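Coordinate inspection notes
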Amino acid sequence: MKKINTLKKNYEFSNVIKRGNYHVKKQIIVYITKNNKNKNIIGIAISTKLCNAVNRNKIKRIIIIIFWGFIVKIKVKDIAKAAGVSTTAVSLVLNGRPNRLSETTKEKIKRIATELAFQSACGDDLLNAPDQHTIGLVVPDNQDPYMLDMIRYLQTYAFSKGCIAFACMTGTGVAYSRAAVSALARKGVDGLIYLPPQELEKEDHLIKTLKTLQDQGIPIVLLDCAVYSLFCDFVSSDNKYAGRLAVDALHRQGHTKIGCITGPLTLYTAKMRLQGYRDGLSRNQLPIESALIQTGIRTEDEGCIAAKTLWQNGCTAIFAASPTAAMGVLQFTQENNIALPSELSVIGYDLPKTSDIPFIRQDMHHMAELAVDLMLERLEPSDDAIPPRNFYLTPELI
């Protein structure tokens, strides 16, 4: 609320008290008067005995929202228009009467009713403001610098396109990810850009939740990782190509004992990069040896142990198919004084630009732009049904 609409000075409160325009309710006093522009202003005094400062401020905000709701006379039809429902539906929900509306619709009506009061208090006309889509963004990892950069860029790009992206970073847990998806849906986001967690299983409840959102008309764009049996737009790097690219580069250097270290094969990207590695070996007429493949790597220490195993099995080159795996290999070479690349050649994945070894880099910014563009296309009204589409962006060797 603008300062001009609130009482701040002691003399302002004194003037209102003298005029008699105030209401007392136990430990709360509300003062109302008009300023020099003949506009209503409100002042609120709450006893310190009632609650702490944080809760006193909350109470003040609620009173102000209610006050301005009465002053600007927000109508049921205004709420119905903004929520896209009937006036009867709004009346039933706001009066707490029995109805058959879904919980999502009820939450939406209540949220918009509050927003209209708040916007009016701020002097903004919500109904006449430009339409602004909201996108939920759920990602599992908040430690990867490449992922953080992509999140920031995606939010900036979405804003440049006239929409707001709310990001939830949920770690690797499926339960947290599902809770974030459900919460964003209840808050009424228009669409969801989703990067699945590593531990997602084929029959997990999270997949059922995502399908329910689709059934309710909320479009989903999957980013980086596919989800079993979920059909929607999908944006990813060409992970198979990345594996072939790494093997081709190492083979050109004369290596024939090329190992691979990758993450859990339940993870789409790990599985595809391993498949690309195998395709690269076959294309270069090199044998595929299980002794030269280490999977399931989640930490740098596990990557270090995997590198030791491959070294002992005679590898002269390693494709470390994740940032964690690459850092584990570098840890192994440093601890054992192994010279790079004269004794061991390594190609990593999404490493810092200052890295001493070559690595595969994904175009995260292009992925973010494409995900937002696809979402906005889905949100535009259309009579033509667009089938789900897959986009694989070509990574490069740095």
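Up top is the structure these notes are about.
Described below are features of the structure shown in this document.

Analysis parameters
- Residues numbered from 1 in each chain as written.
- Predicted model: local features only at pLDDT ≥ 70, side-chain atom pairs only at ≥ 80, totals over all residues.
- Heavy atoms only, no water.
- Core = buried A, V, L, I, M, F, W, Y, C linked by side-chain atoms within 4.5 Å.
- Buried < 20%, exposed > 50% of the residue type's maximum accessible area, 1.4 Å probe, protein only.
- Helix = DSSP H or I, 4+ residues; strand = E, 2+ residues; numbered from the N terminus.
- Contact = heavy atoms within 4.5 Å.
- Phe/Tyr/Trp six-rings, centres within 6.5 Å; stacked < 30°, edge-to-face > 60°.
- Lys NZ or Arg CZ within 6 Å of the ring centre and 35° of its normal.
- Pairing = 2+ DSSP bridges.
- Axes fitted to C-alpha atoms, helices over the stretch in contact; angles between N-to-C directions.

What about the nonpolar core?
Within the largest apolar cluster, 68 residues are counted, with the highest numbers of intra-cluster contacts made by Leu-154, Ile-193, Leu-223, Ile-258, Ile-261, Tyr-277 and Phe-319. Ranked by residue count, the leading element in this core is helix H13 (residues 364-379), at 10 residues. Discounting residues that sit within four places of it in the chain, Ile-258 has contacts with Val-247, Leu-250, His-251, Tyr-277, Leu-281, Leu-286, Leu-292, Cys-315 and Ala-317. Judged by nonpolar contacts, the second largest core, of 26 residues, contains Leu-184, Ile-218, Tyr-268 and Met-272.

Details of the packing of aromatic side chains
The full count for this structure, using the stated rule, is five aromatic pairs. A ring pair is formed by Tyr-153 and Tyr-157, whose centres lie 6.4 Å apart and whose planes are at 15 degrees; its orientation type is stacked. Taken together, the positions of Tyr-153 and Tyr-157, both in helix H6 (residues 145-160) and four residues apart, correspond to about one turn of that helix. You can call Tyr-153 partly exposed: its relative accessible area is 24%. A centroid spacing of 5.5 Å and a plane angle of 85 degrees characterise the contact between Phe-234 and Tyr-268, whose relative ring orientation is edge-to-face. Taken together, the residues Phe-234 in strand E8 (residues 233-237) and Tyr-268 in helix H10 (residues 268-283) connect sequence positions 34 residues apart. In this structure Phe-234 comes out as buried when scored by relative accessible area, which is 4%. Overall, the relative accessible area of 15% leaves Tyr-268 in the buried class. Three or more aromatic residues link up through ring pairs in this structure, and these residues are Phe-234, Tyr-268 and Tyr-392. One cation-aromatic arrangement involves Arg-273 over Tyr-349; the distance from NZ or CZ to the ring centre is 3.7 Å.

Examining the sheet that holds strand E5 (residues 163-169)
Across the sheet, which stays open at both edges, the six strands sit in the order E5-E4-E6-E7-E8-E14 with parallel pairing between neighbours. Looking at strand neighbours, the two that pair on one side only are E5 and strand E14 (390-393), the edges of this open sheet. The sheet shows a mean angle of 15 degrees between the axes of neighbouring strands, taken without regard to direction. Bridge analysis of strand E4 (residues 133-139) against E5 gives seven bridges, and the strand direction is parallel. Across the sheet, the residue bridging to Val-138 is Cys-168, located in E5. Across the face of the sheet, helix H8 (residues 205-215) comes into contact with strand E6 (191-194) and strand E7 (220-223) while running at roughly 145 degrees to E6.

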